[in-house]
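# Notes for the structure review
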Amino acid sequence: MNCLVAKSIKKDFGIKEILRDANFSLGATDKVGLIGMNGSGKSTLLKMIAGLESIDDGDILVNSGIRIVYLPQQPDLDENRTVLEQVFADSGEQMTLVREYEALSDQLAHRPDNADQLMAKLSSITQRMDATGAWELETNAKIILSKLGIENFNDRIGDLSGGYRKRIALATALLSEPDVLLMDEPTNHLDALSVEWLQSYLNRYRGALLLITHDRYFLDRVTNRVIEIDRGDLFTYDGNYSYYLEKKALAEESATSSQRKHQGVLRRELEWLKRGPKARSTKQKARIDRIHDMRDREFKQTQSKVEISTASRRIGKKVIELSHISKAYGDRTLIHDFTYEFNPEDRIGIIGSNGAGKSTLMNIITGRVQPDSGTVELGSTIHIGYFDQHSDDLSLNPNQRVIDYLKDVAELVKTADGSVITASQMLERFLFPPDQQYAPLHKLSGGEKRRLFLLRVLMAAPNVLILDEPTNDLDVQTLSVLEEYLEDFNGCVIVVSHDRYFLDRTVDTIFALESGGNLRQYPGNYSVYLDYKQIEEQSVSRQSSTVNEIKEFSKPQASKSETPIAVKPRKRSYKEKREFEQLESQIPQMEAEKAELENLLSNHPPTDFTELKNLAERLAQLGEAIDSATERWLELAELEV
């Protein structure tokens, strides 16, 4: 059964046609990913379904009784509410009952003289809470908020950052459990663990889902259908993102082949027409008419892609040297005694929970924030390009024209092949056509502003690129091109991101910010980091299990009777005596080797993954050998000498 049906939808903003005669439907359990270039109309379509944007023509038919909840990129929340009050805002009767119950409980505690009357009301409220499931409301809300990285439930909304507000809005939408959930970039401002949890939650979600996201792993694992907006037209693919990529490539190949065949036939027919045939017969006249029709036929060109081609700048051996960097805010330490020397070829991904200090570290490197202790030294040839997740909002003058915003950096741009092009030509390569280049910046979508800001950063020809959450608001097509650009970039790349796919494509070392400001280094991309963490956790689990077994073995056994029979232990044999002596020397040796390996893996892990894996396996083997030897030593120690 369909929840909603869109028929012949049209939308035009004057400088750009968003949708023309668009048709689609959304089933009761559909999980649909909406994709397309920045500015193609994805957010506009969600707003039209939610009733927040007008439709120029056509209809969106929603079944009666269907409840739709829309999560925008920039949610508008009541700043005077607390976190819990906000997530309960759409809970209706359940929240009313919870508040009445809390009020009655408070009165009962402070007015015992009216206890009978209050208890009667409390009993009635309790029955209604049982019937509506209101008891679970607060528990579920706190679970969802905690999974999204929010622990202070009584904080005032007005005192929180934009990232926290987005997560609170996400929790509010999930807790409301609508029939149709519309989500615009729900993974923005979430760390990797929260994204994993949200992915799992939406897989279990029983309603319909229509979402926009740049996270390709997320798209692949959550959606069962993809709708693409391509220059006003909608195309539907009945499968996940991987299926879409496969079918999209086949469709483009087929369209190119059809166009090539059409042009071949048309060329031969035009040659025949040039010979001047007389339309004396019906067949000849029909053939001439067909040639005219073929000549007038238009093919939709393959969608253009962003072209990133900017000149590089020479980079010396000395890049950036951090020496004993520390930074704290109050009693909260973000970075503790961190030292690292960046190399020209470094491709480093920085990960950590929200608020762990990732952006703070980037701001220390770029000089925006001073460390509490330690030094930062930049090489004499270093020119940093900082793609900050907030700078585009701070620097954009909403009334400035697109072309003028770029000309503030340069009017002529040198490309990778050495040629020089104008700022206007560079804008076209970044998919800003001439009519859009003279539009004010406030006319651009959020994704188009991010793409424009990326171009401005790259135009300055940096040799160190710092990308702070680069995947936020950029479409998947632009991200793919950016990934290819970074592969050939002649310089150092530092990426702060929660996007697992992007990290897998672009980095070869992971810096993980952990509690207490500790920053651990792991060789490999994000998937390799996850493998290493799994090996680490398994090793810790085995050691913990063995310690518990030894403790249990060492406990004095309870007697089975009040008058135990004394059993005289037997004496050690000569062979057991030799074994006992060998174990006393072997166990300390194995423990020393194990400690040395743990220190190596924690502080100076090898860069080669095969070597890293071998060391981790040796560590696990040592743990098992020590456990076995210790258990045997305890058995022999019980025997008389």
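Whatever comes next refers back to the structure up there.
Residues numbered from 1 in each chain as written. Predicted model: local features only at pLDDT ≥ 70, side-chain atom pairs only at ≥ 80, totals over all residues. Heavy atoms only, no water.

## Structural notes on the overall build of the chain
For the record, the criterion: In this description a helix means any DSSP run of H or I spanning at least four residues, a strand means any run of E spanning at least two, and both kinds are numbered starting from the N terminus. Exposure is judged per residue with a 1.4 Å probe applied to protein chains only, and the accessible area is read against the type maximum: over 50% gives exposed, under 20% gives buried, and values in between give partly exposed. Throughout, a contact is declared for two residues whenever any of their heavy atoms are within 4.5 Å. The Shrake-Rupley method, run with a 1.4 Å probe sphere, supplies the accessible areas, and residue values consider only the shown protein chains as cover.
Within the chain one finds 21 helices and 20 strands. Burial analysis of the chain (641 residues in total) assigns 45% to the buried set. Restricting the contact set of the chain to residue pairs at least 6 apart, pairs at least 24 apart contribute 68%. Of the roughly 33,200 Å² that the chain leaves accessible, carbon and sulfur atoms contribute 47%.

## Things to note about the nonpolar core
Note the following rule: As used here, the term nonpolar core means buried Ala, Val, Leu, Ile, Met, Phe, Trp, Tyr and Cys residues forming a set that is joined through side-chain atoms within 4.5 Å.
Core analysis: the largest hydrophobic core is formed by 60 residues, its most contacted members being Ile308, Leu427, Phe430, Leu452, Leu465, Tyr485 and Leu486. A per-element tally of this core places helix 16 (residues 446–459) first, with 7 residues. Apart from the residues within four sequence positions on either side, Leu486 is in contact with Arg347, Leu465, Leu467, Val493, Phe502 and Thr506. Formed by 51 residues, the second largest nonpolar core is a distinct cluster that contains Val69, Ile144, Ile168 and Ala169.

## Thoughts on the pairing of strand 11 (residues 332–342)
Working note: regular strand, side chains alternate between the two faces of the sheet. Definition in use: Strand pairing is defined by DSSP finding a minimum of two bridges between the two strands.
Bridging between strand 10 (residues 320–329) and strand 11 involves 7 bridges; their strand directions are antiparallel. Looking across to strand 11, one finds that Lys327 is bridged to Ile335. Between strand 10 and strand 11, which pair antiparallel one after the other, the connecting turn spans 2 residues, and Gly330 there sits at a positive phi close to 70°.

## Looking at the pattern of salt bridges
Selection criterion: The salt bridge criterion pairs a side-chain nitrogen of Lys or Arg with a carboxyl oxygen of Asp or Glu, the two atoms within 4 Å.
Following the criterion strictly, the structure yields 20 salt bridges and no others. Residues Arg618 and Glu593 are paired through a salt bridge, measuring 3.0 Å at the closest nitrogen-oxygen approach. Placement of Arg618 in helix 21 (residues 609–637) and of Glu593 in helix 20 (residues 574–603) is noted, with a sequence separation of 25 residues between them. We classify Arg618 as partly exposed; its relative accessible area is 34%. In this structure Glu593 comes out as partly exposed when scored by relative accessible area, which is 30%.

## As for the packing of aromatic side chains
Aromatic ring pairs are reported here in terms of the distance separating the ring centres and the angle at which the planes meet. How we decide: Geometry of aromatic contacts follows a simple scheme: Phe, Tyr and Trp rings, the Trp one being its six-membered ring, pair when their centres are within 6.5 Å, and the pair is stacked under 30 degrees between planes, edge-to-face over 60, tilted otherwise. Put simply, a charge is over a ring when the Lys NZ or the Arg CZ is close to the ring centre, within 6 Å, and near the line of the ring normal, within 35 degrees.
Taken as a whole and judged by the stated rule, the model has 13 aromatic pairs. If you follow Arg221 out to its NZ or CZ, it ends over the ring of Tyr217, 4.7 Å from the centre. In this arrangement the basic side chain of Arg456 is found over the ring face of Tyr405, its NZ or CZ atom lying 4.3 Å from the centre.

## Side note on the sheet that holds strand 19 (residues 509–513)
What counts, and what does not: Axis lines are fitted to C-alpha atoms, over the contacting stretch for helices. Their N-to-C directions set the angle, which ranges from 0 to 180 degrees.
The 6 strands are arranged 14-17-18-12-19-20 in an open sheet whose pairing can be described as mixed. Strands at the two margins of the open sheet, each flanked by one partner only, are strand 14 (384–387) and strand 20 (519–523). On average, each strand axis in the sheet is tilted by 15° relative to the strand beside it, whichever way the strands run. In the sheet, strand 17 (residues 464–468) pairs with strand 18 (residues 492–496) via 5 bridges, with the strands oriented parallel. Pairing of Asp468 across the sheet is with Val496, part of strand 18. Running at roughly 175° to strand 14, helix 16 makes contact with strand 14 and strand 17 of the sheet.

## Digging into unusual backbone geometry
Of note in the backbone geometry, Glu177 takes a positive phi value of approximately 45° without being a glycine. Position of Glu177 relative to the elements: it lies in the loop between helix 6 (162–176) and strand 6 (180–184). Taking relative accessible area as the criterion, Glu177 reaches 51% and is therefore assigned exposed. The backbone phi angle of Asp337 is positive, close to 50°, even though this residue is not glycine.

Any functional reading would require information beyond the geometric quantities listed.
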